[in-house]
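# Summary of structural features
Here's the letter readout for the chains.
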Amino acid sequence: MANYHKPDEKTLQGLKDVANKLRINSIKATCASNSGHPTSCCSAAELMSVLFFHAMRYKADDPRNQCNDRFVLSKGHAAPILYAVWAEAGFVKESDLVNLRKIDSDLEGHPTPKLEFVDVATGSLGQGLSAACGMAYTGKYFDKSSYRVYCMLGDGECSEGSVWEAMAFASYYKLDNLVAILDINRLGQSEPAPLQHDMETYRKRCEAFGWNTYVVEGHDVEELCKAFWQAQQVKDKPTCIVARTLKGKGLKNIEDKENWHGKPIPKDKLDDVLKDLQSQIQVPNKTLSPKPPNNDAAPADLSTIVMPSVPSYKKGDKVATRRAYGDALAKLGQASQRVVALDGDTKNSTFSELFKKKFPDRYIECFIAEQNMVGVAIGCATRDRTVAFASTFAAFFSRAYDQIRMGAISQTNVNLVGSHCGVSIGEDGPSQMALEDLAIFRAIPSCTVFYPCDGVSTEKAVELAANTKGICFIRTSRPDTPIIYSPDEKFEVGEAKVVLQSDNDVATVIGAGVTLHEALTAAEMLKKEGKSIRVIDPFTIKPLDAATVLASARATGGQIITVEDHYKEGGLGEAVLSAVGQEPGIVVTRLAVTGLPRSGKPQELLDIFGISAKHIVAAVRQTFAN
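Residues numbered from 1 in each chain as written. Predicted model: local features only at pLDDT ≥ 70, side-chain atom pairs only at ≥ 80, totals over all residues. Heavy atoms only, no water.

### Quick look at the overall build of the protein chain
Scanning the protein chain for helices and strands turns up 21 helices and 19 strands. By its C-alpha atoms, the protein chain is 90 × 50 × 40 Å across when sized along the principal axes. Expressed as a percentage of the 626 residues in the protein chain, the buried residues total 63%. Sequence-distant contacts in the protein chain: of pairs separated by 6 or more residues, those separated by 24 or more amount to 79%. (Helix = DSSP H or I, 4+ residues; strand = E, 2+ residues; numbered from the N terminus. Buried < 20%, exposed > 50% of the residue type's maximum accessible area, 1.4 Å probe, protein only. Contact = heavy atoms within 4.5 Å.)

Here you go:
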């Protein structure tokens, strides 16, 4: 190990001065907005000072440079001190800090990537370390770059299970370029955190999860300088710096006191607090600047990713869309080195294993920890370093809903693929059946929801998702279904396919995935009765092709029947109702799963829950009778 050189006294005093400047600016900002968390900022002041002006390497005028060290403020409520740091670094105007939380300012109550120095939105606690893991994994194994990743967590959020999922992930993958900083300031929002200042238990927990761990005095800049330096020397282990701090450090009659969480300093105390902090600053002018990074990460390749060939399926072949997803992802991996895959120990069911077999160096096994998997995928996708596809059973994404919701706030471009949707999975029973997932993903802003019905449309969905901004969700099914599209069929986001039509159609039937095939079977049955129906494949449930739906409805007497392998609430039927709700003379009949499902054969379940071909036929007959 290299020898440690203690910083000179001028540097140490400069770091102390910066810490107090950060306190002052955090207090001024929160007082100006009359809201925020100054005491949470004050406990982290020395940590942030040493980190940004001694340990980290970055270009202060180019915060998103691909070579920079990364920082994630998992305790997002301490946003004012992050903004104060970037003012000290020269990227933010100090005069803008008092615009904190104002409607026309991007300095929001918690950090979002509207700001160039923020990679992921935080504020829902317990999520930052997973994203940091994704960044660190990308740096070590994909970029093979020297940039390091730092994540600051509060002690309160260490009660979140997702933190420990991330701790397990980081040690398993030997992320020695990752440093977690635990700001152990003892106090939570409404009462003390469970361990308060039991530093030895924190140490044991972190070491038990396989982390190189240092317990430090969090307000001692010299001790912090050494700990960050030591972390850089460690190989094959992530490092956790467990810092004993005091909430509200430096604030007279507030430091380490309860009931000060999320409260600005009262006006009658403000002058005394600021004067006291100002008196401790020995060199008021800026003396410290960040070190530049190593120039060893290439700029992101933002070119469109194109499949190397058209789908190889022929009409009439049968393939499950989950299998088609695996094949498509492996093909996409040939087209771009940026494509990476993640899975939660379901790769032999989602068929992401086909990608792993071809590109083992670009596959991340996340095991059964879906919250962490989604967070890692979001981290991998930051700064456009990768095009990430994460897959599991669609039902299990519900466990990570908060991570997905925060991903939208992070403006992430990540692709989530859920297999085993609906009652059509059969014998596994209701715990494995995704019946809420369309509602979940339709509710996410900027989310595109793909629901392919065959191998060709699945492959096109994967290609489109790779090039679509925002979160993409691809819903895949377990049963084998026939190929209905030609390999050269063109698909676009928000464009439905009219797969069957005539001049005499009595109703428009809209199905998706397995129910589209039930609709085509129903059309054959009705044909024998002399009735014809129009059948639409929406392809994307969000955005829905309202124009095609409306045109078809008008051509079929205003009669629409939706049929979906999903609960009635929030699914395809409600998407169609939203599209046609303002139109007079249109009636929507919805066939969907009602009641709690059970184990059984797929076709039995489609029948029992009223979404099979015979139920579509009955609905058309009823429509015709009316």
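### Considerations on the domain arrangement of the protein chain
For the protein chain, the domain assignment lists domain 1 (9-280), domain 2 (317-483) and domain 3 (497-623). Each of domain 1 and domain 3 has a C-alpha centre, and these two points are 52 Å apart. (Domains from an automatic or database assignment.)

### Brief notes about the environment of G573
Residue position: G573 is located in helix α19 (residues 572-580). In the structure, G573 is positioned 15 residues away from V588 in sequence and 8.0 Å away in space, judged by C-alpha atoms. Ignoring sequence-local partners within four residues, the contact set of G573 consists of T562, E564 and R590.

### A few points about the packing of aromatic side chains
Counting across every chain of the model gives 26 aromatic pairs. Aromatic side chains F91 and F117 sit 6.2 Å apart centroid to centroid with 90 degrees between the ring planes, which places their arrangement in the edge-to-face category. Of this pair, F91 sits in the loop between α4 (79-89) and α5 (128-142) while F117 sits in the loop between α4 and α5, placing them 26 residues apart in sequence. Judged by its relative accessible area of 29%, F91 is partly exposed. For F117, a relative accessible area of 6% translates into the label buried. Look at Y172 and F367: their rings are 5.3 Å apart centre to centre, the planes differ by 85 degrees, and that puts the pair in the edge-to-face class. A residue pair is termed long-range when its members are at least 10 positions apart, and Y172 in helix α6 (residues 161-172) and F367 in the loop between β8 (363-365) and α13 (370-381) qualify at 195 residues. A relative accessible area of 52% places Y172 in the exposed class. (Phe/Tyr/Trp six-rings, centres within 6.5 Å; stacked < 30°, edge-to-face > 60°.)

### Examining the pattern of salt bridges
Summed over all chains, the structure comprises 26 salt bridges. Measuring nitrogen to oxygen at the nearest pair gives 3.0 Å for the salt bridge that ties E108 to K114. By relative accessible area, which is 47% here, K114 ends up partly exposed. Through salt bridges with shared partners, a single network forms among K6, E9 and E222. (Salt bridge = Lys/Arg side-chain N within 4 Å of Asp/Glu carboxyl O.)

### Observations concerning the pairing of strand β15 (residues 505-511)
Within β15, 7 of the 7 residues are buried, leaving the element largely enclosed by the surrounding structure. Pairing of β15 with strand β16 (residues 532-537) involves 4 bridges; the strand directions are parallel. Bridging from a neighbouring strand, V509 pairs with V535 of β16. Crossover handedness for the path β15 to helix α17 (residues 514-527) to β16: right-handed. (Pairing = 2+ DSSP bridges. Right-handed = clockwise from strand over helix to strand, strands pointing away.)

### A short note on the sheet that holds strand β1 (residues 70-73)
Spatially, 5 strands are ordered β1-β2-β3-β5-β4 in an open sheet, and the strand pairing comes out parallel. What marks the edges here is a single partner per strand, and that holds for β1 and β4 (212-217). Within this sheet the neighbouring strands show an average axis-to-axis angle of 20 degrees, counted without direction. Inspection of the sheet shows β4 paired to strand β5 (residues 239-244) by 6 bridges, in the parallel sense. Note that in β5 the partner of E217 across the bridge is R244. (Axes fitted to C-alpha atoms, helices over the stretch in contact; angles between N-to-C directions.)

### A few points about α4
In an α-helix, one full turn covers 3.6 residues, which means residues spaced three or four apart are oriented alike. Among the 11 residues that make up α4, 11 are buried, leaving the element largely enclosed by the rest of the structure. When we look at burial in α4, the residues that qualify are A79, P80, I81, L82, Y83, A84, V85, W86, A87, E88 and A89. Those residues of α4 hidden inside the fold are in contact with α1 (9-33), α2 (38-43), α3 (45-55) and β1. A positive backbone phi angle near 100 degrees is found at G90, which sits one or two residues after α4.

### Things to note about the nonpolar core
In this structure, L129, L178, L342 and L416 are the most contacted members of the largest nonpolar core, which totals 82 residues. Tallying contributions element by element places α5 first for this core, with 8 residues. With near-sequence residues (within four places) excluded, L416 lies in contact with V374, A390, F397, I404, F441, I471, C472, F473 and I474. The next biggest cluster of nonpolar side chains, apart from the first, holds 60 residues, and it includes A328, F389, A507 and I611. (Core = buried A, V, L, I, M, F, W, Y, C linked by side-chain atoms within 4.5 Å.)

### Quick look at the sheet that holds β8
Taken in spatial order, the 7 strands line up as β8-β7-β9-β10-β12-β11-β17 in an open sheet, and their pairing is mixed. Both outer strands of the open sheet, β8 and β17 (540-542), are each paired with one neighbouring strand and no more. Between one strand axis and the next, the sheet turns through 20 degrees on average, direction left out of account. Sheet analysis places strand β10 (residues 414-419) next to strand β12 (residues 472-475), joined by 4 bridges and oriented parallel. What sits directly across from G418, in β12, is R475. Strand contacts of α13: β7 (339-343), β8, β9 (387-393) and β10, with the helix running at about 170 degrees to β9, the strand carrying the most contacts.

### Some thoughts on the state of the cysteines
A covalent bond between the sulfur atoms of two cysteines is what we call a disulfide. Inspection of every chain in the model, using the stated rule, returns 0 disulfides. Here C133 stays free of any disulfide, with the sulfur of C151 as its closest cysteine sulfur at 8.2 Å. With no disulfide of its own, C240 lies closest to C206 among cysteine sulfurs, the gap being 3.7 Å. (Disulfide = S-S within 2.5 Å.)

### With respect to the UniProt feature "domain: Transketolase-like pyrimidine-binding" (unreviewed entry) in the protein chain
The sites that carry the UniProt feature "domain: Transketolase-like pyrimidine-binding" (unreviewed entry) are, in the present numbering, residues 319-483. Secondary structure within residues 319-483 divides into 39% helix and 20% strand; the distance between the first and last C-alpha atoms comes to 7 Å. (UniProt positions renumbered as here; feature names shortened; annotations may be inferred.)

### Details of unusual backbone geometry
Across the junction of K542 and P543, the peptide omega takes the value 0 degrees, indicating a cis bond. Secondary-structure assignment places P543 in the loop between β17 and α18 (546-555). A positive phi is found at Q196, a non-glycine position, where the angle reads about 45 degrees. With respect to the element layout, Q196 can be found in the loop between β3 (178-184) and α7 (199-208). Using a relative accessible area of 32% as the deciding quantity, one classes Q196 as partly exposed.

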